[in-house]
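# Fold and geometry: a report
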Amino acid sequence: RAGRLASSLVEGGAGQGDPPWLRPVDLALAGLARVDLGAGDSNSVRHGRTVPADAGFLVGTTVCAYDVDGRLLGLLEVAQDGRLRVVRLLVDPSQ
């Protein structure tokens, strides 16, 4: 049984795209607001620093942050000072 599973994993992922049961992480986060960050703010988030939030977000709102290339950086939350702080970073800080 394990051999068949390993074989199907190799066959499904070898040059044919991701197996059908793998989905992008942000698909599960579709209900959260999206924030597209510029290069400078993206770099700040990658290093755990806060960035300015849109005026329309309430304190405590959790958002998905994306970099200029559309990659999901992580989950951020609007802090009391009106800035976005990192809750969960989902990308390697060196990228």
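Refer to the structure printed above.
In short, a report on the structure. Note that the structure is predicted; figures quoted are calculated from it, not measured. (Residues numbered from 1 in each chain as written. Predicted model: local features only at pLDDT ≥ 70, side-chain atom pairs only at ≥ 80, totals over all residues. Heavy atoms only, no water.)

Turning next to the overall build of the protein chain. Secondary structure summary: the protein chain contains 2 helices and 5 strands in total. Reading the protein chain from its N terminus to its C terminus gives the helix and strand order α-β-α-β-β-β-β. Counting all 95 residues of the protein chain, 25% fall into the buried class. For the protein chain, long-range pairs separated by at least 24 residues make up 49% of all intrachain contacts whose partners lie at least 6 apart in sequence. As displayed, the protein chain offers around 6300 Å² of accessible surface, 53% of which is attributable to carbon and sulfur atoms. (Helix = DSSP H or I, 4+ residues; strand = E, 2+ residues; numbered from the N terminus. Buried < 20%, exposed > 50% of the residue type's maximum accessible area, 1.4 Å probe, protein only. Contact = heavy atoms within 4.5 Å. Areas by Shrake-Rupley, 256 points an atom, 1.4 Å probe, with all protein chains shown as cover.)

Turning to the nonpolar core, a few remarks are in order. Core analysis: the largest hydrophobic core is formed by 11 residues, namely Val35, Leu37, Val45, Val51, Val63, Ala65, Leu73, Leu76, Val78, Leu84 and Val91. Elements supplying a minimum of two residues to this core: strand E3 (62–66) and strand E4 (72–78). At 3 residues, E4 tops the list of elements feeding residues into this core. If you look at the next biggest cluster of nonpolar residues, it comprises 5 residues, including Leu29, Cys64, Tyr66 and Leu72. (Core = buried A, V, L, I, M, F, W, Y, C linked by side-chain atoms within 4.5 Å.)

We now examine the sheet that holds strand E2 (residues 51–52). Across the sheet, 5 strands lie side by side as E1-E3-E4-E5-E2; this open sheet has mixed pairing. Single-partner strands in this sheet number two, and they are strand E1 (33–36) and E2. Bridge count between E3 and E4: 5 bridges; the pairing is antiparallel. Within the sheet, the bridge partner assigned to valine 63 lies in E4 and is leucine 76. (Pairing = 2+ DSSP bridges.)

Within the span of helix H2 (residues 39–46), buried status applies to Ser42, Ser44, Val45 and Arg46. Glycine 48 sits one or two residues past H2 and shows a positive phi near 80 degrees.

On to the pattern of salt bridges. Scanning all chains against the criterion turns up 5 salt bridges. Its salt-bridge partner being aspartate 67, residue arginine 46 comes within 2.9 Å of it at the nearest N-O pair. Linking arginine 46 in helix H2 with aspartate 67 in the loop between E3 and E4, this pair joins segments that are 21 residues apart in sequence. Residue aspartate 67 is classed as buried on the basis of its relative accessible area, which comes to 3%. A salt bridge links arginine 71 to aspartate 69, with the nearest nitrogen and oxygen atoms 3.2 Å apart. According to the relative accessible area criterion, arginine 71 is partly exposed, its value standing at 42%. (Salt bridge = Lys/Arg side-chain N within 4 Å of Asp/Glu carboxyl O.)

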